[in-house]
Amino acid sequence: MSESGIDGERRRFIAFALAPSLIVLFAVAVLPAIYLVVTSLTPFQLTNPGSAIDFSAPLRNYRLLPGDPRFVNSLIVQAKLSCWSVLFQVLLGMLLALLLNVPSRFVEFARTFFLIPMVLPPIVVAVIWKLIYTPDISPLYYAAQALHVTMPALTSSVDFALTSIVIADTWEWLPFTFLMVLAALQTIPDEYSEAALVDGASRLQIFWYVTLPFITPILVISGMFRLIDSVKAFPLIFLLTSGGPGTVTEVTNYYAYLLAFDTNEIGYSSAVTVVMLLLVCGISLGLVWMGRRREAMA
Amino acid sequence: MNMPSSRRATPGRLAAISATLLILLSPFLWLLQMSFKSNDQILQFPPPLIFTPTLENYISLWHSAFSASFVNSLLSASLSTSLALLFGVPAAYALSRWTGRGKHSLSFAILVTRMAPPIAFTIPFFLFYRWIGLLDTITGLVLVYTSFNLPLVIWMMQPFFDTIPVSLEEAALVDGARTRTVFTRIVLPMVTPGIAATAILCFLYAWNDFFFALILTRTNARTAPVAVVNFMNYEGWEWGKIAAGGSLVMAPVLIFSLAVRRYLVSGLTAGAVKG
């Protein structure tokens, strides 16, 4: 067999191996995305049969969006939820990683258990926090009662509902940032801090001038991952607050869900989803672009 | 060698680590202990920390519709994992060996298909399933989970194939073996650990799903995560069953995660990029 014969056969094999996946992805990812956009151009309601193919006012849904207070509110709620939970997750994850960055058999063994919240099924995480936020049954409220402290009802209070989601989300995803930072810490050669120590640097100075510059990129990257991912807090919101009280915890994702599957406004919900999708993609691409620029400058 | 003071396993630090771990895991442990309590014990104040464990919650789950949901979860997660591997592993190999232009764009495009929040897929899937009668079927769930996991398989497996020297395959090819044979006989056995880790992560993604199952199933194909939530109904919350159901749903996850601890990061970050 000639050299080109092998190449030809190889090329055919590669195409043959790749084709099924590309077909599947096209059918179940690209087509639905197109269909979503098409639906967003109609006033589609499940209860109104003709509405699915009514393209008489294609941009109507999009024109309504800026004037829809619930939509605008949902974006603000999502921004608050994302910013606070990403901030806490990065900070606490870093502290935890610093604490656990010691060469010890026991610590290495213990690390696995720190990952548990992240791998639990999201709905189980939501159930766990439902348990903690439900006064009749919650260990938190038991403790408060024993200490004669009056606890407000967290998930049904306008002031605390979003905070209670932030706390639960932080608990769930703190292990992720912890894991990323720990991996970065372990690449720092000991000689650096030893040298600084010999020069008489304090521990705080070592952290500030040696450790922090080393782990800054990973802090940014893990924060980015969490930021992009933070729209997926659905099970927590679904179970803990259902978007309430009022619309205090109603993120865009949840609003789109209610529109489509509670009030049957499929067309409008699709438009909300398309805008949300564009925002997520925009933010992701922006972050990737920033990351590239940082790399190019470094 | 003298460790710098910031990196020493002093007794104080070990105590701090243990205390942190206990605090971090206490919500999880609370659910677990509750699953072994009777309803009376659950409602007692102060809550008894030492009690005679009972299996009554688990037994009543076994005799309820929950066991069918559990089987549904097992079926949809394992079938979709098999399909995602069947399609994804050869594709990952192809991408790894393909040197042509557009390789990176294609890899990125594959990844982008999962950047979208689940609701973006749910609306079209819901309408389509409603039309062709796939709502509330295992087949419907398997299809969603397969598409959801395919990019993960391709992205997880590609680095494994990259580590296998091409010269090894070329030698076999020169000896007259066909590419297909080289792939199945030489390459695949070498990446078995990678396949196992990828399979477990796929299984976990499908197993953990709540959103798709909530919308695309009703009763026949209802999965365990949705069934747990159904114990919170208007007549009152059956906390014993909720706790036991929750514990059962997380059991396979805990076992499997320990098994693929090393690969968790790459798997989860790939998932994170897909948003």
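Procedures and definitions
- Throughout, residues of each chain are indexed from 1 in the direction in which the sequence is written.
- Chain A is the first chain written and ligand 1 is the first ligand written, with later ones labelled in order.
- Residues qualify for local features only when their pLDDT is at least 70, as the model is predicted, and side-chain atom pairs are given and counted only at 80 or more; totals for whole chains, interfaces and linings, by contrast, use all residues.
- Hydrogens are left out, water is left out, and the side-chain values use all remaining heavy atoms of the structure.
- Only runs of H or I of at least four residues qualify as helices and only runs of E of at least two qualify as strands under DSSP, and these elements are numbered from the N terminus.
- For a compact globule the rule gives 2.2 Å times the number of residues to the power 0.38, and the radius of gyration it is set against comes from C-alpha atoms.
- The classification of residues rests on relative accessible area computed with a 1.4 Å probe and restricted to protein chains. Under 20% of the type maximum is buried, over 50% is exposed, and intermediate values are partly exposed.
- Only the protein chains shown count as cover for residues, with accessible areas throughout obtained via the Shrake-Rupley method and a probe of 1.4 Å.
- Lys and Arg are tallied as positive, Asp and Glu as negative. Neither His nor the chain termini are counted.
- Where a charge sits is defined by one atom per residue type, namely NZ (Lys), CZ (Arg), CG (Asp) or CD (Glu).
- Only heavy atoms enter the contact rule, under which two residues are in contact if any of them lie within 4.5 Å.
- N or O atoms within 3.5 Å of each other form a polar contact, as long as, within protein, one can give a hydrogen and the other can take it, and as long as residues adjacent in sequence are counted only when both atoms are side-chain atoms.
- A residue counts toward a patch only above 30% relative accessible area and without a salt bridge, and it is joined to like-charged neighbours within 9 Å or, for Val, Leu, Ile, Met, Phe, Trp and Tyr, to nonpolar neighbours within 5 Å.
- The salt bridge criterion pairs a side-chain nitrogen of Lys or Arg with a carboxyl oxygen of Asp or Glu, the two atoms within 4 Å.
- Take the number of residues in a helix, subtract one, and multiply by 1.5 Å to get its expected span.
- Planes of paired rings set the category: under 30 degrees apart is stacked, over 60 is edge-to-face and the rest tilted, where pairs are Phe, Tyr or Trp rings (Trp by its six-membered ring) whose centres lie within 6.5 Å.
- Only when the NZ of Lys or the CZ of Arg is both within 6 Å of the ring centre and within 35 degrees of the ring normal is a charge said to sit over the ring.
- Side-chain atoms within 4.5 Å link the members of a nonpolar core, which is a set of buried Ala, Val, Leu, Ile, Met, Phe, Trp, Tyr and Cys residues.

> Teacher, can you tell me more about the overall build of chain B here?
Helices and strands together make up the secondary structure of chain B, namely 14 helices and two strands. Relative to its length of 275 residues, chain B is extended, with a C-alpha radius of gyration of 23 Å against a globular reference of 19 Å. By its C-alpha atoms, chain B is 75 × 70 × 30 Å across when sized along the principal axes. Considering chain B as a whole, with its 275 residues, one finds that 55% of them fall into the buried category. Surface summary for chain B: the accessible area is close to 12,100 Å², and the carbon and sulfur share equals 67%. For chain B, the distance from the average site of its 18 positive side-chain charges to the average site of its 10 negative ones is 10 Å.

> Honestly, the overall build of chain A in this entry has me stumped. Any pointers?
Scanning chain A from terminus to terminus reveals 13 helices and zero strands. Secondary structure elements in chain A, listed N-terminal to C-terminal, are α-α-α-α-α-α-α-α-α-α-α-α-α. Here chain A has a C-alpha radius of gyration of 25 Å; the compact-globule value for 298 residues is 19 Å, and the former is much larger. Principal axes of the C-alpha set define a box for chain A whose edges measure 85 × 75 × 35 Å. Burial status across chain A gives 51% buried among its 298 residues. If you take every contact in chain A between residues at least 6 apart in sequence, the share linking residues at least 24 apart comes to 68%. In the structure as shown, chain A presents an accessible area of about 14,100 Å², 69% of it carried by carbon and sulfur atoms. Counting 16 positive and 19 negative side-chain charges, chain A places the averaged centre of each group 4 Å from the other.

> Could you clarify how one ought to interpret the environment of B:Ser80 in this entry?
Residues and elements named next belong to chain B. Checked against the element boundaries, Ser 80 lands in helix 4 (residues 66–97). Take Ser 80: its relative accessible area is 0%, and that puts it in the buried class. Expressed as a C-alpha distance, the spacing of Ser 80 and Gly 12, which sit 68 residues apart in the sequence, is 47 Å. Ignoring anything within four residues of it in the chain, the contact list for Ser 80 reads Val 142, Tyr 145, Thr 146 and Ala 206. A polar contact of 3.1 Å, which involves the side chain of Ser 80, links it to the backbone oxygen of Ala 77.

> How should I be thinking about the side chain of A:Asn101 in this particular structure?
With respect to the element layout, A:Asn101 can be found in the loop between helix 3 (69–100) and helix 4 (105–114). The residues contacting A:Asn101, other than those within four sequence positions of it, are A:Leu182, A:Leu185, A:Gln186, B:Arg7 and B:Arg13.

> What am I meant to see in a nonpolar patch on the surface here?
Residue and element names in this part refer to chain A. There is a patch of nonpolar side chains on the surface, built from Phe 26, Val 30, Leu 31, Ile 34, Tyr 35, Val 38, Ile 53 and Phe 55 and spanning about 720 Å² of accessible area. One can find Phe 26 in helix 1 (residues 3–40). Here Phe 26 falls in the partly exposed class, since its relative accessible area comes to 44%.

> Can you help me understand helix 6 (residues 122–133) of chain A in this one?
The α-helix advances 3.6 residues per turn, and as a result positions three or four apart in sequence lie on the same side. The end-to-end C-alpha distance of helix 6 of chain A, which contains 12 residues, comes to 16 Å, matching closely the 16 Å that a straight helix rising 1.5 Å per residue would cover. Among the residues of helix 6 of chain A, those classed as buried are A:Ile123, A:Val124, A:Val125, A:Ala126, A:Val127, A:Ile128, A:Trp129, A:Lys130, A:Leu131, A:Ile132 and A:Tyr133.

> Any chance you could explain the pattern of salt bridges here in plain terms?
Proximity of charged atoms lets side chains of opposite charge pair with each other. All chains considered together, the criterion is met by nine salt bridges over all chains. For A:Arg70, the salt bridge is made with A:Glu250, and the minimal N-O distance between the two is 2.7 Å. With a gap of 180 residues between them, A:Arg70 in helix 3 and A:Glu250 in the loop between helix 11 (234–240) and helix 12 (252–261) connect regions that are remote in the sequence. The class for A:Arg70 is partly exposed, based on a relative accessible area of 36%. Looking at A:Glu250, the relative accessible area reads 2%, which means it is buried. Its salt-bridge partner being B:Lys241, residue B:Glu238 comes within 3.2 Å of it at the nearest N-O pair. Given the relative accessible area of 30%, B:Glu238 is considered partly exposed. Each member of the salt-bridge network shares a partner with another, and the members are A:Asp169, A:Arg226, A:Asp229 and A:Lys232.

> How should I be thinking about the packing of aromatic side chains in this particular structure?
Each aromatic ring pair is specified by the distance between its two centres and by the angle formed by the two planes. According to the stated counting rule, one finds 31 aromatic pairs over all chains in the structure shown. An aromatic cluster is defined as three or more aromatic residues linked by ring pairs; in this entry it consists of A:Phe234, A:Phe238, A:Tyr254, A:Tyr257, A:Phe261, B:Phe126, B:Phe210 and B:Phe211. It is B:Lys37 that lies over the ring of B:Trp30; its NZ or CZ is 5.5 Å from the centre. A cation over an aromatic ring shows up here: B:Lys37 above the ring of B:Phe51, its NZ or CZ 5.1 Å from the ring centre.

> Just to check I follow, could you spell out the side chain of A:Gln89 for this structure?
All names here are of chain A. In this fold, Gln 89 is placed in helix 3. Residue classification places Gln 89 among the buried residues on the basis of a relative accessible area of 1%. If we skip the residues at most four places from it in the chain, Gln 89 touches Asp 169, Thr 170, Trp 173, Leu 174, Thr 177 and Arg 226.

> Would you mind going over the nonpolar core with me for this structure?
Generally speaking, soluble globular proteins have nonpolar side chains that are buried together. Residues A:Phe114, A:Ile128, A:Trp129, A:Ile215, A:Phe238, A:Tyr257 and B:Phe161 are the most contacted members of the largest nonpolar core, which totals 170 residues. The biggest single contributor to this core is helix 8 (residues 161–185) of chain A, with 15 residues. Dropping the residues within four chain positions of it, A:Ile215 is found in contact with A:Met94, A:Val181, A:Ala184, A:Leu185 and A:Ile188.

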